[in-house]
Amino acid sequence: MSARKIVVTSGKGGVGKTTTTANLGATLARRGHRVVLIDADIGLRNLDLVLGLEKRIVFDLVEVIEGRCQLRQALIRDKRFGECLSILPAAQTRNKDAVTPEQFAGVVRQCGEVADFVLVDCPAGIEGGFRNAVAGADEAIIVTTPEVSAIRDADRVVGKLNERRLPMRLIINRIRPEMVRSGDMLSVEDVCEVLSTELLGIVPDDEEIIDTTNRGEPVALDDTSRLRTLYEKIARRLEGEIVPFSNLDQPGFFGRLLGALKAG
Amino acid sequence: MHELKAESPVVLTQPAPTLGRAIVVTSGKGGVGKTTTTANLGTALAQRGAKVALIDADVGLRNLDILLGLENRVRYHLLDVLEERVTLDDALVTDKHSPTLFLLAAAQSREKDEVDMEKMRAVVAELRTKFDYVLIDSPAGIERGFQNAVIGAKEAIVVCTPEVSAVRDVDRVVGLLGSAFRPQLIVNRLRPLLVRKGKMLSVDDVNAILRLPLLGVIADEPEIIVSTNRGEPLALRSEGATANAYRAIAARLAGDDVAAPMVEAKESLFGRLGSFFGGRR
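Residues numbered from 1 in each chain as written. Chains lettered and ligands numbered in written order. Predicted model: local features only at pLDDT ≥ 70, side-chain atom pairs only at ≥ 80, totals over all residues. Heavy atoms only, no water.

What to know about the sheet that holds strand β8 (residues 214-219) of chain B
Residue and element names in this part refer to chain B. Across the sheet, eight strands lie side by side as β3-β4-β2-β5-β1-β6-β7-β8; this open sheet has mixed pairing. In this open sheet, the two strands that pair with only one neighbour each are β3 (93-94) and β8. Alignment of strand β2 (residues 52-56) against strand β4 (residues 101-104), held across four bridges, turns out to be parallel. Within β4, the residue paired with I55 across the bridge is L104. (Pairing = 2+ DSSP bridges. Helix = DSSP H or I, 4+ residues; strand = E, 2+ residues; numbered from the N terminus.)

Below, the structure is given as structure tokens:
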């Protein structure tokens, strides 16, 4: 069976693409899938840090593409997950022009030969780095936060992915239920309506993420984590199971958003 | 990638009194608060009476208009100016709240590769003849969009959150900028409580790596999200810690003698940081 190749993207930076890639990948690995995570942010890599693997990098994505090493030499296995989780780090001292979309797609295909899931962590923006990251994918996860600016950028990305006929689902990250209730934050419903994209998951804003990210420990490893079950739900939905959504939010109204998005 | 250079060694001294200061707001990493900083700092400078132009350099993913609540007033954009379809005066949108604050919006349906960098430099130069400050809001990344944002600038403000990933990206950007831009640091989204609990990098931790002049520290407050969604920069408020912090940054930037920003005194927690910052690569 061939691997699922999924790009994790957003348009806007800092909404949680890398955190999502790491935690979802770790959760899938813990559920027994073989997972390869690819950091497509050439020049500004961070996926290695979020997983605490930064000291183990020997070779990178660009060196694989340039034929200076084998893929298996560049893949870093995260031993906490047995044989199940590996990352392919981005080059840090090169930039996104060092690779073409065709070359990138080739690496994704190669990773797919040794995995059940390949998750590609896309850089911010909609330029070359984005075109590389989506090149080998056959589905997409869009990560957004409930902020007008993030949603406008996500909407741009939805348009770009539609052009490519890439099926996509949405993760709404960093929601603060109390702010949704007070009308100070867009609700899940608002966001889904604007982006007209199927919902894959909802993750609240939780300081646990700051700490685990700084320590390089994905929440999937922590049995006491509040967020762990949420990533598990997302993983199960990806596997095809129908998992009901937790009642994190109340329907809200934010008239300005629609106006802003139409203006843009 | 070609090396970034400031136009001339003149940038090492104070800019000529007749020309405004062109400052790029950048970070490498996305989502650390470049646009929020640009909107609030621009507002705070304008509230001091300065004439300020803000340029959104994030062609294709513009957002500065939203943060200022100006999205319905944008008629022309940066590329219209660069491609000489309209004049600068036509394209500059006057802010709703601050009459001396102006926005040059990015094009939303174009791409960063379409920006003519020499023309971008010329537009910033022209703005410097008319404004005291030209703040350029850089997109995330270190590619073309970053280069577009930097080309006309003479100084840099780098925005960093207290996260290892942001510190690493900012360090890379500071390396690319070099000393000509005299980068100054704003530490954004600090949660002092988490710092005290040992769960977040402190300002000292961040600056132990970056070693930059500290322009200011902004705490992570939910009201920032509210202000983004409403299009009303917090710097407009007459009181409040965030508004005061932006005013202090504006004053420091203007050369006023302002007390140093709040920095928690404590030893560095994160031994991890040192390991991948052995040398700036």
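Once you've had a look at it, read on.
Some remarks on helix α9 (residues 203-210) of chain B
Residue and element names in this part refer to chain B. The element α9 is extensively covered by neighbouring structure, given that six of its eight residues are classed as buried. Every buried residue of α9 is accounted for by V203, D205, V206, N207, I209 and L210. Immediately beyond the C-terminal end of α9, within one or two residues, lies R211, with a positive phi of roughly 50°. (Buried < 20%, exposed > 50% of the residue type's maximum accessible area, 1.4 Å probe, protein only.)

A look at the interface of chain B and chain A
Taken together, the contact pairs 52 residues of chain B with 51 residues of chain A. Viewed at the interface, chain A and chain B are joined by 10 salt bridges. Linking D65 of chain B and R152 of chain A is a salt bridge whose minimum nitrogen-to-oxygen distance equals 2.5 Å. Where chain B packs against chain A, one counts 21 residue pairs in polar contact (both at pLDDT 80 or more). Elements that contribute at least two residues to the side of chain B that touches chain A include exactly α2 (64-67), α7 (164-177), α10 (222-230) and α12 (271-276) of chain B. Counting residues per element, the side of chain B that touches chain A draws most heavily on α10 of chain B, which supplies six residues. (Contact = heavy atoms within 4.5 Å. Salt bridge = Lys/Arg side-chain N within 4 Å of Asp/Glu carboxyl O. Polar contact = N/O pair within 3.5 Å; in protein donor to acceptor, adjacent residues only side chain to side chain.)

Details of the packing of helix α1 (residues 34-47) of chain B against helix α11 (residues 241-253) of chain B
In helix packing, the relevant descriptors are the interaxial angle and the interaxial distance, both defined with respect to the helix axes. Residues and elements named next belong to chain B. In the contact formed by α1 and α11, the axes pass within 9 Å of each other and the chain directions differ by 70°. Between α1 and α11, the angle falls in the class roughly perpendicular. On α11, the residues touching T36, T37, N40, L41, A44 and L45 of α1 are Y246, R247, I249, A250 and L253. Looking at the contact of α1 with α11 residue by residue, the classes come out as seven nonpolar, three polar and one charged. (Axes fitted to C-alpha atoms, helices over the stretch in contact; angles between N-to-C directions. Parallel < 35°, antiparallel > 145°, perpendicular 65-115°, else oblique. Nonpolar A, V, L, I, M, F, W, Y, C, P; charged D, E, K, R; others polar.)

A closer look at helix α5 (residues 117-130) of chain B
All names here are of chain B. For α5, spanning 14 residues, the distance from its first C-alpha to its last is 20 Å, which sits close to the expected 20 Å at 1.5 Å a residue. For α5, the complete set of buried residues consists of M117, M120, V123, V124, L127 and R128. Along α5, the residues classed as buried sweep out an arc of 145° about the axis, all on the same side. Taking the backbone nitrogen of E118 as reference, a side-chain oxygen 3.0 Å away marks D116 as the first, capping residue of α5. (Expected span 1.5 Å × (residues − 1). Arc of directions from axis to C-beta.)

Structural notes on unusual backbone geometry
Positive phi, normally seen in glycine, also occurs at R165 of chain A, with a value near 55°. Tracing the backbone through its elements, the reader meets R165 of chain A in the loop between α7 (148-163) and β7 (168-175). Phi angles above zero are rare outside glycine, and R211 of chain B is one such case at about 50°. With respect to the helices, strands and loops of the structure, R211 of chain B is situated in the loop between α9 and β8.

What about the sheet that holds strand β4 (residues 85-88) of chain A?
Residues and elements named next belong to chain A. Read across the open sheet, the eight strands follow the order β3-β4-β2-β5-β1-β6-β7-β8; overall the sheet is mixed. The open sheet is flanked by β3 (76-77) and β8 (198-204), the only strands paired with a single partner. Here β7 pairs with β8 via six bridges, running parallel. What sits directly across from I175, in β8, is P204. Seen against the sheet, helix α1 (residues 17-30) touches β1 (4-9), β2 (35-39), β4, β5 (117-121), β6 (139-144) and β7 and runs at an angle of roughly 165° to β5.

Treat this as a map of the structure, not an account of what it does.
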